[in-house]
Amino acid sequence: MRSIWRTIRSSPDLGRDIALVCAADALVGLSFGAITVGAGLPVWLPMLLSLVVFAGAAQFMFVGLIASGGNPVTAVAAGLLVNARHLPFGFTVGDLLGRGWRRVVGSHIMTDESVAFALAQPDHARRRAAYWAVGVGVFVCWNLGVLAGAFGGTVVTDTDRLGLDAAFPAVLLALVLPSLRDPATRRAAAAGAVITLVTTPFLPAGLPVLLALAGVLLALSGRRGGATSSPSSSAPESSEAAR
Amino acid sequence: MSWPVLVAAVLVLAAGTFAFRIAGPLVRERMSVSVSPDVERLVAIGAVVLLAALVATSALLDDGGPAGVARPAGVAVGGLLAWRRVPFVLIVVAAAGVAAGLRLLGVP
């Protein structure tokens with residue numbers, strides 16, 4: 001764990017970026033706590049959810065369904081569907097977690113942000129450091145935010161007024177953009193995004209994002225088609241030239 | 001709803017979520033000897049594809065319908081700055097600032 005701290009300390013930019021995302025998450029947590037209690041649900045509910053589920057989108061969905069009188073089985077199923085994306089995420093970051101208790105803790109702190117930050121790093125040491133720093137940082141900030149919101153009430157219930165709803169897609173976009181310089185990845189991501197957007201009106205939340213994985217097939221087929229010209233070696237040169 | 005039912009629902013959601021999260025690392029270790037660089041690459045592409053899909057839905061949609069103008073505009077400005085390799089902090093602040101500013105002007 002000390003090596004993670006050292007890696008973060010040695011790259012102040014990374015530390016600052018992580019701190020910013022943690023602060024933004026704390027504000028969203030604040031609104032989650034306040035909204036949940038404001039909807040007439042018990043004060044312990046947002047805090048328990050944030051500690052043991054720790055997945056923002058699923059928590060908002062769960063609370064929304066319960067507050068509107070939905071039955072708990074539906075709320076659990078909806079939350080699980082939204083969280084199913086953690087399974088493929090786990091394959092990607094699995095080598096950053098270690099074994100034993102580290103794997104247990106490391107799995108629990110898996111979020112979109114920690115995976116995206118890890119993917120954006122150039123080497124294994126920094127990937128591991130970024131994953132853990134974001135995971136632990138967001139866990140602490142999110143839970144403190146929810147605690148404050150649940151007891152403090154309605155200071156910031158509408159984070160849209162602060163533009164935070166635009167900040168989060170922008171965070172993920174900035175982190176995946178370098179990966180999109182690879183043509184096969186870019187094709188797969190574009191196809192996946194289209195599949196998700198087109199299917200969202202017809203399917204329950206969570207499923208359209210998983211269907212995006214079909215876009216990977218496109219990366220595969222594209223690679224097979226251009227295998228003789230070895231796209232992986234020619235691509236970086238052409239993109240350098242374009243710049 | 002009685003609180004024991006609510007607690008049970010939260011715990012089932014927590015257990016299921018944790019199972020999703022730890023399945024990847026566990027299976028990956030089992031196959032660690034046999035994971036080829038090709039599979040490794042596909043798995044990495046898969047994660048990028050998922051994140052890109054999340055960007056698309058969270059930028060453009062809200063509860064299954066269009067998200068209005070302010071949010072997509074903020075994300076677009078953030079994306080443009082990211083493409084120009086502006087520091088991360090500025091990207092995030094600009095995205096939030098554009099969306100908040102447009103809303104202040106009455107843009108949905």
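How would you summarise empty space enclosed by the protein if you had to cite specific residues and measurements?
Inspection of every chain in the model, using the stated rule, returns two cavities of 30 Å³ or more. Space inside the largest cavity adds up to approximately 50 Å³. Broken down by element, the residue count for the lining of the largest cavity peaks at three residues, all from helix α2 (residues 37-60) of chain B. When its residues are assigned to classes, the lining of the largest cavity shows five nonpolar, no polar and two charged. Roughly 30 Å³ of volume is contained in the second largest cavity. Lining the second largest cavity are L20, V21, A24, A167, F168 and V171 of chain A together with V92 of chain B. Those elements that place two or more of their residues in the lining of the second largest cavity are α2 (12-38) and α10 (164-176) of chain A. Here the lining of the second largest cavity is built from residues that sort into seven nonpolar, no polar and no charged.

Can you tell me about the environment of L54 of chain B, naming the residues and giving the values?
With respect to the element layout, L54 of chain B can be found in helix α2. The exposure class of L54 of chain B is buried, given its relative accessible area of 13%. Between the C-alpha atom of L54 of chain B and that of L26 of chain B, which follows or precedes it by 28 residues, the distance is 25 Å. Among all residues touching L54 of chain B, those that are not within four sequence positions of it are R85, F89, D112, L172 and V209 of chain A.

Talk me through the interface of chain A and chain B; I want residue IDs and the actual numbers.
Contact with chain A, which involves 82 residues of that partner, is made by 63 residues of chain B. Together, the buried faces of chain A and chain B total about 6300 Å²; carbon and sulfur atoms form 79% of this surface. If you sort the residues of chain A by the area they bury against chain B, F91, R103 and L197 of chain A come out on top, with a joint share of 9%. At the junction of chain A with chain B, the criterion picks out six salt bridges. Salt-bridge contacts for R28 of chain B lead to D95 of chain A; the nearest nitrogen and oxygen are separated by 3.9 Å. Joining chain A to chain B, the criterion identifies twelve residue pairs in polar contact (both at pLDDT 80 or more). Ranked by the residues each element gives to the side of chain A that touches chain B, the list is headed by α10 of chain A, at eleven residues. The class makeup of the residues in the side of chain A that touches chain B is 53 nonpolar, 15 polar and 14 charged.

A description of the confidence of the model for chain B should follow, citing residues and the corresponding values.
All names here are of chain B. Of the residues in chain B, 97% have a pLDDT of 70 or more, and the chain-wide mean is 92. Between the elements of chain B, mean pLDDT differs from a low of 88, seen in strand β2 (residues 65-66), to a high of 97, seen in helix α3 (residues 70-83). Of the two predicted TM-score estimates for the complex, the pTM is 0.89 and the ipTM is 0.94.

Describe the state of the cysteines, listing the residues and the values that go with them.
All names here are of chain A. In total, this model carries zero disulfides over all chains according to the counting rule given. Between C22, a cysteine without a disulfide, and C141, which holds the nearest cysteine sulfur, the sulfur-to-sulfur distance is 4.3 Å. On the basis of relative accessibility, which here comes to 6%, the residue C22 falls in the buried class.

The rules we used
- Residues numbered from 1 in each chain as written.
- Chains lettered and ligands numbered in written order.
- Predicted model: local features only at pLDDT ≥ 70, side-chain atom pairs only at ≥ 80, totals over all residues.
- Heavy atoms only, no water.
- 1 Å grid on protein atoms, 1.4 Å probe; cavity = no way out; pocket = protein on both sides within 12 Å on 5 of 7 lines; lining within 4 Å.
- Points joined across faces, edges and corners; volume = space filled by probe spheres on them.
- Helix = DSSP H or I, 4+ residues; strand = E, 2+ residues; numbered from the N terminus.
- Nonpolar A, V, L, I, M, F, W, Y, C, P; charged D, E, K, R; others polar.
- Buried < 20%, exposed > 50% of the residue type's maximum accessible area, 1.4 Å probe, protein only.
- Contact = heavy atoms within 4.5 Å.
- Buried area = accessible area lost by both parts, 1.4 Å probe.
- Salt bridge = Lys/Arg side-chain N within 4 Å of Asp/Glu carboxyl O.
- Polar contact = N/O pair within 3.5 Å; in protein donor to acceptor, adjacent residues only side chain to side chain.
- pLDDT = per-residue confidence, 0-100.
- Disulfide = S-S within 2.5 Å.

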